[in-house]
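Coordinate inspection notes
Okay, here's what each chain looks like letter by letter:
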Amino acid sequence: MENNHATEAISWQDSEGFHFAGKGKALSQEQLTKMTTKYQENIRNSPLWREMVTEYGKEKAEELLTQFEVKSGK
């Protein structure tokens, strides 16, 4: 029986951020939005968030947080 869930995937980090590539269907905009919301929640609950607020202030940290998003590689 063929396993359709098995994929080869790669991930890497560069100056543009973290990247992930693997087999599968493209994500819908709704899925991307939900993943972005969760990602931003995780950042808010991390030491990185505290560092951002300390370094830039809450308002600027909130602005910067919007750049933490999940995008489709289309």
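Residues numbered from 1 in each chain as written. Predicted model: local features only at pLDDT ≥ 70, side-chain atom pairs only at ≥ 80, totals over all residues. Heavy atoms only, no water.

1. Focus on helix α1 (residues 29-44)
Compared with the 22 Å implied by 1.5 Å per residue over 16 residues, the 22 Å span of α1 between its first and last C-alpha is a close match. Restricting attention to buried positions, one finds in α1 the residues Leu32, Thr36, Gln40 and Ile43. Projected onto a plane normal to the axis of α1, the buried residues spread over an arc of 70° and lie on a single side. Of the residues in α1, the exposed ones pointing more than 90 degrees away from the buried face are Glu30 and Lys34. (Helix = DSSP H or I, 4+ residues; strand = E, 2+ residues; numbered from the N terminus. Expected span 1.5 Å × (residues − 1). Buried < 20%, exposed > 50% of the residue type's maximum accessible area, 1.4 Å probe, protein only. Arc of directions from axis to C-beta.)

2. Digging into the pairing of strand β2 (residues 17-22)
Sheet topology note: the strand β1 (residues 9-14)/β2 ladder contains 6 bridges and is antiparallel. Across the sheet, residue Ile10 finds its bridge partner in β2, namely Ala21. Linkage of β1 to β2, two consecutive antiparallel strands, is achieved through a turn of 2 residues. (Pairing = 2+ DSSP bridges.)

3. Regarding the layout of surface pockets
The volume enclosed by the largest pocket comes to roughly 980 Å³. Considering the residues around the largest pocket, the lining is formed by 25 residues, among which Phe18, His19, Phe20, Val70 and Lys71 are closest to the centre. Mapped onto the lining of the largest pocket, the elements with two or more residues apiece are β2 and α1. For the lining of the largest pocket, the element with the most residues is β2, which contributes 6 residues. Residue composition of the lining of the largest pocket, grouped by class: 13 nonpolar, 7 polar and 5 charged. (1 Å grid on protein atoms, 1.4 Å probe; cavity = no way out; pocket = protein on both sides within 12 Å on 5 of 7 lines; lining within 4 Å. Points joined across faces, edges and corners; volume = space filled by probe spheres on them. Nonpolar A, V, L, I, M, F, W, Y, C, P; charged D, E, K, R; others polar.)

4. Here's the deal with the packing of helix α2 (residues 47-56) against helix α3 (residues 58-65)
Contact geometry for α2 and α3: axes closest at 7 Å, N-to-C directions at 130°. In terms of their interaxial angle, α2 and α3 are classed as oblique. When you trace α2 past α3, the crossing you get is right-handed. When α2 is examined against α3, the residues Trp49, Met52, Val53 and Tyr56 are found in contact with a partner set consisting of Lys58, Lys60, Ala61, Glu62, Leu64 and Leu65. Across the contact of α2 with α3, the residue classes break down as 7 nonpolar, no polar and 3 charged. (Axes fitted to C-alpha atoms, helices over the stretch in contact; angles between N-to-C directions. Parallel < 35°, antiparallel > 145°, perpendicular 65-115°, else oblique. Left-handed = near helix turned anticlockwise from the far one by under 90°. Contact = heavy atoms within 4.5 Å.)

5. Here's the deal with the packing of aromatic side chains
All told, the structure shown has 1 aromatic pair when counted by the stated rule. Relative to Phe68, the ring of Tyr39 has its centre 5.9 Å away and its plane inclined at 65°; by these criteria the two rings are edge-to-face. Note that Tyr39 is positioned in helix α1 and Phe68 in the segment after α3, a separation of 29 residues in sequence. Positioned over the ring face of Trp49 is Arg44, at 5.6 Å from the centre of the ring. (Phe/Tyr/Trp six-rings, centres within 6.5 Å; stacked < 30°, edge-to-face > 60°. Lys NZ or Arg CZ within 6 Å of the ring centre and 35° of its normal.)

From the geometry alone we can't say anything about function, so treat these as descriptive.
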